[in-house]
Amino acid sequence: MFFEQLRQTGLPRRKFNTLLGLTGLSLVLTISACTPKATVENNAGANNGNSAGSMPEEIRVGYQVIPNAELLAKSQGMVEENLPGVEIEWVQYSSGGDVNQAMMAGEIDLGLAGSVPVSTGIANNLPYQVYFIHDIIGENEALAIRPDSGIIRLADMKGKTIAVPFGSTTHFSLLSALRENGVDAAEVKIVDMTPDETLAAWQKGTIDGSFIWHPVLGKLQEDNGIVITSAKQLADEGIITADLAVVHQDFVSQYPEAVEKYVMALDEAVDFYRADPESAAQAISGELGLTPEQSLDVMNELVWLSAEEQASIKYLGTSDAPGALGKVLLESAEFMVDQGAIEQAPDLASYHAAIYNNAVNSAGGAVAAK
């Protein structure tokens, strides 16, 4: 299907149902709470909030503990270095659904959410655009099963209790895996849990398994959890999931240069990881709560992309050549419609419009459409 090169190399994310109920409030919340931060002049002397050279006093970043470039950039102060004089407020969330709600309420300017929460957020008219792909999900998200669950293969899941953050990339992956293996999801007890709730339920023995991501996935494996499928295996079958960066439309319209400089920081983190993965793992281990060796393992389970690579039509594309990500988001939303999670998905043009590719093109250099 898309991101075809991944076939050759071998979402985080809850409270979606609550999001649906809150969608009607989005316009009011956007007007009342999404006023961009005050503007300060950069070295070029810009003094207009709508100028490409203007900078905000503060950027509120909704991040998740995922072993990708944003977490590495945070640990190394790369964002602050690229945006001198701008205060960076880091706000941690446990799921893309929580990030969606925070974005809708005007609590953050930038956020990270899985491709499935983003696809449904766009379907529900959340006021944001995708400006970067934090990672393509591989073995970092997987279905771990308790050894005493009686589950050996996906066909054994009937009647079992499986935890997953609803509306997440892992929720999408779980439902996709069941469908591909001829299992009716209605015959599986699928429960909505955050990663922390999942770990607690696993330790109490109240669930049979979970489709979840690191670091909780690693803890389940350490407690004898057995992985029977992963996002990487699903990607090999054409079912793609990713962690995406989103920016509030009001913010990016007023501060496009700030978004570009933020992407430059992310790009530096990608370069750092590619050039010296061991040192990058050492740097990020404190954020992950893992050893450097464990950190390197989970970092390697994701596909990290540079800004230049993302400017290709394989991903975000350019203004003249929209990338394949739009169709991936559309297919994710259509799947959620089939599952009854949302009423309808917008057309492909709407998803292309929800992708802001100027930052990766400016930061990484436009890639000619091929």
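Refer to the structure above for everything that follows.
For clarity, every value in this text was computed on a predicted model and none was experimentally measured.

Can you help me understand the overall build of the chain in this one?
Counting its secondary structure elements, the chain contains 19 helices and 13 strands. Within the chain, the proportion of its 370 residues that are buried is 58%.

It is not clear to me how the side chain of Asp135 should be interpreted in this structure. Could you clarify?
Along the chain, the position of Asp135 falls in strand β6 (residues 128-137). The buried category is assigned to Asp135, whose relative accessible area is 0%. Polar contacts involving the side chain of Asp135 include one to the side chain of Asn68, which spans 3.0 Å. Those residues in contact with Asp135 that lie beyond four places of it in its chain are Ile66, Asn68, Ala242, Asp243, Leu302 and Val303.

Explain the sheet that holds strand β5 (residues 110-114) to me, please; I cannot follow it from the model alone.
The strands making up a sheet are joined through hydrogen bonds of the backbone, oriented either antiparallel or parallel. Ordered by their spatial adjacency, six strands build an open sheet running β4-β3-β5-β12-β6-β13, and the pairing between neighbours is mixed. Strands with a single pairing partner mark the edges of an open sheet, and in this sheet they are β4 (87-92) and β13 (302-303). In the sheet, β5 pairs with strand β12 (residues 242-248) via five bridges, with the strands oriented antiparallel. Note on β12: the bridge partner recorded for Gly111 is Val246. The sheet strands contacting helix α4 (residues 69-76) are β3 (58-63), β4, β5 and β6, and the helix crosses β3 at an angle near 130°.

Got a minute to help me understand the nonpolar core in this structure?
The tendency in soluble globular proteins is for nonpolar side chains to be buried side by side. By size, the foremost hydrophobic cluster in this structure holds 104 residues, and its most contacted members are Tyr131 and Met157. Per-element accounting of this core gives the leading share, nine residues, to helix α13 (residues 256-275). Of the residues that make up this core, three or more belong to each of domain 1 (58-137 + 241-368) and domain 2 (141-237). Within the second largest apolar cluster, 14 residues are counted, among which are Ala144, Ala163, Ala201 and Ile207.

Explain the sheet that holds strand β11 (residues 226-230) to me, please; I cannot follow it from the model alone.
Taken in spatial order, the five strands of this open sheet run β9-β8-β10-β7-β11, and their pairing is mixed. Two strands bound the open sheet, and with one partner strand each, they are β9 (189-192) and β11. Neighbour-to-neighbour, the strand axes of this sheet turn through a mean angle of 25°, independent of strand direction. As paired elements, strand β7 (residues 141-145) and strand β10 (residues 209-213) share five bridges and run antiparallel to each other. Following the sheet pairing, Ala142 is matched in β10 by Ile212.

How should I be thinking about unusual backbone geometry in this particular structure?
Negative phi values dominate among residues other than glycine, just as trans dominates among peptide bonds. Note the cis peptide between His214 and Pro215, where omega equals 10°. Relative to the assigned elements, Pro215 resides in the loop between β10 and α10 (216-222). Within the chain, Asn125 stands out as a residue other than glycine whose phi angle is a positive 65°. Mapped onto the elements, Asn125 comes out in the loop between α7 (115-123) and β6.

I would appreciate a short explanation of the pattern of salt bridges in the present structure.
Think of it this way: side chains of opposite charge can pair up when their charged atoms draw near. As enumerated under the stated definition, the model contains nine salt bridges in all. When the shortest N-O distance is used, the salt bridge between Glu180 and Arg179 registers 3.7 Å. On the basis of relative accessibility, which here comes to 45%, the residue Glu180 falls in the partly exposed class. Glu257 is the partner of Lys261 in a salt bridge, and the nearest nitrogen-oxygen pair spans 3.8 Å.

Explain the environment of Thr206 to me, please; I cannot follow it from the model alone.
By the element assignment, Thr206 lies in the loop between α9 (195-204) and β10. Sequence separation between Thr206 and Ala163 is 43 residues, and the spatial gap between their C-alpha atoms is 9.8 Å. In contact with Thr206, not counting residues within four places along its chain, are Thr161 and Ala201.

Looking at this structure, I do not really get a negative patch on the surface. What am I missing?
A cluster of acidic side chains, namely Glu80, Glu81, Glu268 and Asp271, defines a negative patch on the protein surface. Listing elements by their share of the negative patch, those giving two or more residues are α5 (78-82) and α13.

Sorry, what's going on with the packing of α13 against helix α14 (residues 277-288) here?
Between two packed helices, both the angle of their axes relative to each other and the distance between the axes serve to describe the pair. At a minimum axis distance of 5 Å, the contact between α13 and α14 shows a crossing angle of 120°. When the axes of α13 and α14 are compared, the pair comes out oblique. Touching Phe272, Tyr273, Arg274 and Ala275 of α13 are Pro277, Ser279, Ala280 and Ala283, all from α14. Class assignment for the residues of the contact of α13 with α14 results in six nonpolar, one polar and one charged.

Help me understand the packing of aromatic side chains, please; the structure alone is not making it clear to me.
What characterises a pair of aromatic rings is the spacing of the ring centres plus the angle enclosed by the ring planes. A complete count under the given rule lists five aromatic pairs for this structure. Between Phe172 and Phe335, the ring centres sit 5.0 Å apart and the planes meet at 80°, which makes this aromatic pair edge-to-face. Of this pair, Phe172 sits in helix α8 (residues 169-180) while Phe335 is found in helix α17 (residues 325-338), placing the two residues 163 residues apart along the sequence. This pair shows no difference in class: Phe172 is buried, exactly as Phe335 is. Seen in terms of ring centroids, Phe251 and Tyr255 are 5.1 Å apart; in terms of plane orientation they differ by 55°. Their pairing is tilted. For the residue pair Phe251 and Tyr255, the accessibility class agrees, reading buried in each case. Sitting over the face of the ring of Trp90, Lys74 holds its NZ or CZ atom 5.9 Å from the ring centroid. For the cation-ring pair, Arg146 lies above Trp202, with the distance from its terminal atom to the ring centre recorded as 5.3 Å.

Parameters at a glance
Residues numbered from 1 in each chain as written. Predicted model: local features only at pLDDT ≥ 70, side-chain atom pairs only at ≥ 80, totals over all residues. Heavy atoms only, no water. Helix = DSSP H or I, 4+ residues; strand = E, 2+ residues; numbered from the N terminus. Buried < 20%, exposed > 50% of the residue type's maximum accessible area, 1.4 Å probe, protein only. Polar contact = N/O pair within 3.5 Å; in protein donor to acceptor, adjacent residues only side chain to side chain. Contact = heavy atoms within 4.5 Å. Pairing = 2+ DSSP bridges. Axes fitted to C-alpha atoms, helices over the stretch in contact; angles between N-to-C directions. Core = buried A, V, L, I, M, F, W, Y, C linked by side-chain atoms within 4.5 Å. Domains from an automatic or database assignment. Salt bridge = Lys/Arg side-chain N within 4 Å of Asp/Glu carboxyl O. Patch = residues over 30% accessible without salt bridge, like charges linked within 9 Å, V, L, I, M, F, W, Y side chains within 5 Å. Areas by Shrake-Rupley, 256 points an atom, 1.4 Å probe, with all protein chains shown as cover. Lys, Arg positive; Asp, Glu negative; His and termini not counted. Charge placed at Lys NZ, Arg CZ, Asp CG, Glu CD. Parallel < 35°, antiparallel > 145°, perpendicular 65-115°, else oblique. Nonpolar A, V, L, I, M, F, W, Y, C, P; charged D, E, K, R; others polar. Phe/Tyr/Trp six-rings, centres within 6.5 Å; stacked < 30°, edge-to-face > 60°. Lys NZ or Arg CZ within 6 Å of the ring centre and 35° of its normal.

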